[in-house]
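A look at the structure
One letter stands for each residue in the lines below.
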Amino acid sequence: MKKDQSWVLPSLKDAQKRTKNTSEIKHNEFTLTEEEKTLGNGYTYHVRTYGCQANERDSETMAGILEAMGFTAQEDILKADVVILNTCAIRQNAEDRVIGEIGNLKHQKKKNPNFILAVCGCMAQEEEVVDEILQKHRQVDIIFGTHNIHHLPVLLHQCMQQNKRIVEVLSKEGEVIENLPVSRFGAHKAWVNIMYGCDKFCTYCIVPYTRGKERSRTMEDVLKEVQILKEQGYKEVTLLGQNVNAYGKDLGLEGGFATLLKAVAQIGIPRIRFSTSHPWDFSDAMIETIAEYPNIMPAIHLPVQSGNSEILKLMGRRYTIEEYKTLYDKIKKAIPECTVTTDIIVGFPNETEEQFLQTLEIAEYCKYDNAFTFVYSPRKGTPAARMVDNVPAEEKDQRLARLNEVIHKYARINNEKFENAILEVLCDGPSKRNSEIMSGYSKENKLVNFKALPNTKEGDIVKVKITCVKSFSLDGEEIA
């Protein structure tokens, strides 16, 4: 494969660099030329999102940019003129799904001479992934990363006018671009970025390399966005960051995330959530704020990853299991009704049976409402990928199954507390499995499927009496 001299290729080595420089916040960076404003006239687009809520929010931005350029949304990926795959690199199976989808779209060029396929997101920040795409998947026209979404009009213009492959992946700490358009995918729930990037460098995680340095938006910009969403009738916002608890550190904000959380609550939007929290930065002030404001939902995702302190140290998690327990106890004491979910990795390099048993112990201790559980997936370029691993794959799978038994047990037990209870549910619309049943989430972030009253619609907050309990959902009937 001959490399084009104009390509900007990713570098994990450059991506891991951190300086003490303050990240720049740019309010007028995004612009469209007159030609770019009409470039998409008569063409359609489809954005497919993989991975986390941050990717969902990025996709909303890309949709906003494309619509500002005249493109029209197309639900059928096989009928779109421009397809963007916004990718996730957190685990190997996520990457495999994207490569599979790229293969599925191989023949679109023959069917549609105007077809353009773009790959962006976290996978695009990885050297080996980009190299594989360039060598094996000629149908990919544009590759760009997480730092230059605002360049999308220029990249599309070059591709459409010059009919050549475009690669622009920036490996840097990053900045904050504030004036980007957005086309939100929901009408009553909204994602709100409060910060970008991560500086924790857990040894198994690729995110600090793909997302850059921790950099916060100003409180003024976040609060302005939330206020507009409230005025537009949104009922729930989720504050997003790779580690929301670190919000404001780079700005020197006194009180950090707790200060922002309190200010968002005071705007009066009915429901506030946040994701994701790192136990290292979870302050007492945050707990007090969540307990104080009823519109901050009593549901916290608190990743533990392992129940063994030695493994946590190898993971670079910066807390011991005893410190995690102390934090968990503080949360449950201050907010007794709070539900807690977590992330757990089994089969980390050289994890012993005894160390795994301690993971079962923390699951028993915390009695999580739910958990995202995974077998360790090595990510090339991370320190953990260089560790010697002597845990057989079969043993890892068995450990995952044993862990899931415990998680499922307490998920069911916790849900049983809600039998015959009346919960406030934000209606998301008809259930995917049964159009005659409505679906939504309670304050505690419990999925509730319910028989609705005749005039109930998407976006309503309704009272539902729980009539049937399952491990990971609740059934009920709306009451007047």
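Above this text you will find the structure in question.
A few points on the structure.

What counts, and where the lines are drawn
- Residues numbered from 1 in each chain as written.
- Predicted model: local features only at pLDDT ≥ 70, side-chain atom pairs only at ≥ 80, totals over all residues.
- Heavy atoms only, no water.
- Helix = DSSP H or I, 4+ residues; strand = E, 2+ residues; numbered from the N terminus.
- Rg over C-alpha atoms; globule rule 2.2 N^0.38 Å.
- Buried < 20%, exposed > 50% of the residue type's maximum accessible area, 1.4 Å probe, protein only.
- Contact = heavy atoms within 4.5 Å.
- Areas by Shrake-Rupley, 256 points an atom, 1.4 Å probe, with all protein chains shown as cover.
- Lys, Arg positive; Asp, Glu negative; His and termini not counted.
- Charge placed at Lys NZ, Arg CZ, Asp CG, Glu CD.
- Core = buried A, V, L, I, M, F, W, Y, C linked by side-chain atoms within 4.5 Å.
- Axes fitted to C-alpha atoms, helices over the stretch in contact; angles between N-to-C directions.
- Parallel < 35°, antiparallel > 145°, perpendicular 65-115°, else oblique.
- Left-handed = near helix turned anticlockwise from the far one by under 90°.
- Pairing = 2+ DSSP bridges.
- Right-handed = clockwise from strand over helix to strand, strands pointing away.
- Phe/Tyr/Trp six-rings, centres within 6.5 Å; stacked < 30°, edge-to-face > 60°.

Here we look at the overall build of the protein
Tallying secondary structure elements over the protein gives 15 helices and 21 strands in all. A globule of 480 residues ought to have a C-alpha radius of gyration of about 23 Å, and the protein, at 23 Å, matches this closely. Overall size of the protein, expressed as C-alpha extent along the three principal axes, is 60 × 60 × 45 Å. The buried share among the 480 residues of the protein stands at 55%. Here the analysis covers contacts within the protein between residues at least 6 apart in sequence; of these, 77% occur between residues at least 24 apart. As displayed, the protein has an accessible area near 21700 Å², and 49% of this comes from carbon and sulfur atoms. Here the protein carries 62 positive and 68 negative side-chain charges, and the mean point of each set is 1 Å from the other.

Some words on the nonpolar core
By size, the foremost hydrophobic cluster in this structure holds 67 residues, and its most contacted members are Leu239 and Phe257. Looking at this core element by element, the count peaks at seven residues for helix H10 (residues 256-267). In this structure, leucine 239 is in contact with Val192, Ile194, Val244, Phe257, Leu261, Val264, Ile272, Arg273, Phe274 and Ser275, ignoring residues within four places of it in sequence.

With respect to the packing of helix H11 (residues 284-292) against helix H13 (residues 321-334)
Closest axis-to-axis distance for the H11/H13 pair is 10 Å, and the angle between their directions is 25°. As far as their axial angle goes, H13 and H11 are roughly parallel. The interaxial crossing formed by H11 with H13 has right-handed handedness. Residues Asp284, Ile287 and Ala291 of H11 form the contact with H13, whose own contacting residues are Leu327, Lys330, Ile331 and Ala334.

Some words on the environment of threonine 22
Among the secondary structure elements, threonine 22 is positioned in the loop between helix H1 (12-15) and strand S1 (25-26). For threonine 22, a relative accessible area of 67% corresponds to the exposed category. Separated by 193 residues in the primary sequence, threonine 22 and arginine 215 have C-alpha atoms spaced 8.3 Å apart.

Some thoughts on the environment of valine 119
Inspection of the secondary structure assignment puts valine 119 in strand S5 (residues 116-121). Accessibility expressed as a relative area gives 1% for valine 119, which makes it buried. Taking C-alpha positions, valine 119 is 19 Å from serine 183, a pair spaced 64 residues apart along the chain. Leave out the neighbours within four places in its chain, and valine 119 touches Leu85, Thr87, Ile102, Ala124, Ile133, Val140, Ile142, Ile143 and Phe144.

Notes on the pairing of strand S18 (residues 438-442)
In terms of residue burial, S18 counts as a mostly covered element, since four of its five residues are buried. In terms of strand pairing, S18 meets strand S19 (residues 447-451) through four bridges, oriented antiparallel. Bridge pairing in S19 places serine 439 opposite asparagine 449. Here S18 folds back onto S19, and the loop between the two strands holds four residues, one of which, asparagine 445, carries a positive phi near 65°.

Some remarks on the pairing of strand S2 (residues 44-49)
Taken together, the two bridges between S2 and strand S3 (residues 72-73) define a ladder with parallel strand orientation. Across the sheet, the residue bridging to tyrosine 45 is alanine 73, located in S3. You can see the chain leave S2, run along helix H3 (residues 53-68) and come back into S3, and the turn it takes is right-handed. The pairing of S2 with strand S4 (residues 82-87) spans five bridges and is classified as parallel. Residue pairing across strands places arginine 48 opposite leucine 85, the latter belonging to S4.

Let's talk about the sheet that holds strand S12 (residues 236-240)
Strand order across the open sheet formed by three strands is S9-S12-S13, with parallel pairing between neighbours. Each edge of the open sheet carries a strand with a single partner, namely strand S9 (189-193) and strand S13 (271-275). Each neighbouring strand pair of the sheet contributes to a mean axis angle of 25°, computed without reference to strand direction. Contacting S9 and S12, helix H9 (residues 219-231) runs over the sheet at an angle of about 170° to S9.

What about the packing of aromatic side chains?
If you walk through the whole model with that rule in mind, you get seven aromatic pairs. Pairing tyrosine 43 with phenylalanine 71 gives two aromatic rings, centres 6.5 Å apart and planes at 40°, and the pair type is tilted. Separated by 28 residues along the polypeptide, tyrosine 43 in the loop between helix H2 (34-37) and S2 and phenylalanine 71 in the loop between H3 and S3 bring together distant segments of the chain. Classification of phenylalanine 71 by relative accessible area gives buried; the value is 4%. Centroid distance phenylalanine 257 to phenylalanine 274: 5.4 Å. Interplanar angle 75°. Geometry classified as edge-to-face.

Observations regarding the sheet that holds S5
Overall, parallel pairing links the six strands, which are arranged S3-S2-S4-S5-S6-S7 in an open sheet. Among the strands making up the open sheet, the edge pair consists of S3 and strand S7 (166-168). Of the strand pairs in this sheet, strand S6 (residues 142-144) and S7 are connected by three bridges, and their pairing is parallel. By the bridge assignment for S7, isoleucine 143 is matched with valine 167. Against the sheet, helix H4 (residues 92-104) touches S2, S4 and S5, its axis set at about 165° to S4. Sheet contacts for helix H7 (residues 152-162): S4, S5, S6 and S7; angle to S6, the most-contacted strand, approximately 160°.

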